[in-house]
Amino acid sequence: MAEANPSVVDKARAYYDSGDADNFYNLIWGGEDIHVGVYEREGEPIREASHRTVRQMAGKIPHFKPGSKVLDIGAGYGGAARHLAREHGYHVICLNLSAVQNERNRQLNEEQALSILVEVVDGSFEDLPFDEGRFDVVWSQDAILHSGDRRKVFAEVDRVLRPGGELIFTDPMQVTGADPATLRPVLDRIHLDSMGSVDEYQAFARELGWDCLEIDRMPENLVAHYSSVLRELEGRHDELAGQCSNDYLGRMQAGLRHWIDAGRAGALDWGILRFRKPR
């Protein structure tokens, strides 16, 4: 997504705008929360685990009051934004590069009578179209990994956060020092040379003078989640074949196995990270 590598943003946009991806995520993830879930038991529905992630993240920022301004970068279909608006009274802007996802997001906001609290904006999180110091919270779920310039993403977040504002996010990450050969199939799948890491994100935060409030590492959930998605794909293959191309399903199946293998090998990390911009 970096300006220096426009092919990254083009590939990400083309992927998420495709009918194959839209149908797959809507059918398998449940249509609103298309990110890694927090699992409490084996075989738990993806929808329940994915929404648990949203609730856990929201529970880490209870000090923000109704009316607080939240920016969700890489917002997908907007499930988190609607939860934050409905349950906490936050005003949320969803920033996302996929026109297809954004249109579904707007429809869901209308259907749930939340358009007054949730706005959807087309754009990239490497060039946020907002004034300085506008937001109390920047929120993101499993999106920053798709950036070709993660340092720039943090710099843009810093610019639009008010003093004392917070960044809270999840991201699939690589473990520092992980075997490159183990990571390679995963990186090829997302068209990048590397993913972020806890160490890298903490370093970005230090450069900006932010406070590190919490690093809640839960890599086991990444393996559990992609394993659940793979089981759903294999168990509902005939149904999905009517909605997605065989080529897409085959590539998705292979890709999921690469994620699972790398996670089991200890090469991948995932969790909730939270930083504060100083007052």
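So, a few notes on the structure that sits alongside this text. Small disclaimer: the values here were computed from a predicted structure and weren't measured.

Axis separation between helix α3 (residues 46-58) and helix α4 (residues 79-88) bottoms out at 10 Å; the angle between their running directions is 50 degrees. For the element pair α3 / α4, the angle class is oblique. Between α3 and α4 lies a crossing of right-handed hand. Where α3 approaches α4, its residues His 51, Val 54, Arg 55 and Ala 58 are matched on the opposing element by Ala 80, His 83, Leu 84 and His 88.

Per the counting criterion, the structure on display carries 13 aromatic pairs. Relative to Tyr 201, the ring of Phe 154 lies with its centre 5.4 Å away and its plane at 10 degrees, an arrangement referred to as stacked. Within this pair, whereas Phe 154 is found in helix α6 (residues 150-160), its partner Tyr 201 is found in helix α8 (residues 198-208), the two being separated by 47 residues in sequence. Here the aromatic rings of Phe 169 and Phe 275 are separated by 6.4 Å at their centres, their planes lie at 25 degrees, and the arrangement is stacked. Of this pair, Phe 169 sits in strand β5 (residues 161-170) while Phe 275 sits in strand β9 (residues 271-276), and the two are 106 residues apart along the sequence. Taking the relative accessible area as the measure of exposure, Phe 275 reaches 1% and is therefore buried. The structure contains a cluster of three or more aromatic residues connected by ring pairs, namely Phe 154, Phe 169, Tyr 201, Phe 204, Trp 210 and Phe 275. For Arg 104, the ring lying beneath its charged end belongs to Tyr 77, and the centroid distance is 5.2 Å.

Criteria and thresholds
Residues numbered from 1 in each chain as written. Predicted model: local features only at pLDDT ≥ 70, side-chain atom pairs only at ≥ 80, totals over all residues. Heavy atoms only, no water. Axes fitted to C-alpha atoms, helices over the stretch in contact; angles between N-to-C directions. Helix = DSSP H or I, 4+ residues; strand = E, 2+ residues; numbered from the N terminus. Parallel < 35°, antiparallel > 145°, perpendicular 65-115°, else oblique. Left-handed = near helix turned anticlockwise from the far one by under 90°. Contact = heavy atoms within 4.5 Å. Phe/Tyr/Trp six-rings, centres within 6.5 Å; stacked < 30°, edge-to-face > 60°. Buried < 20%, exposed > 50% of the residue type's maximum accessible area, 1.4 Å probe, protein only. Lys NZ or Arg CZ within 6 Å of the ring centre and 35° of its normal.

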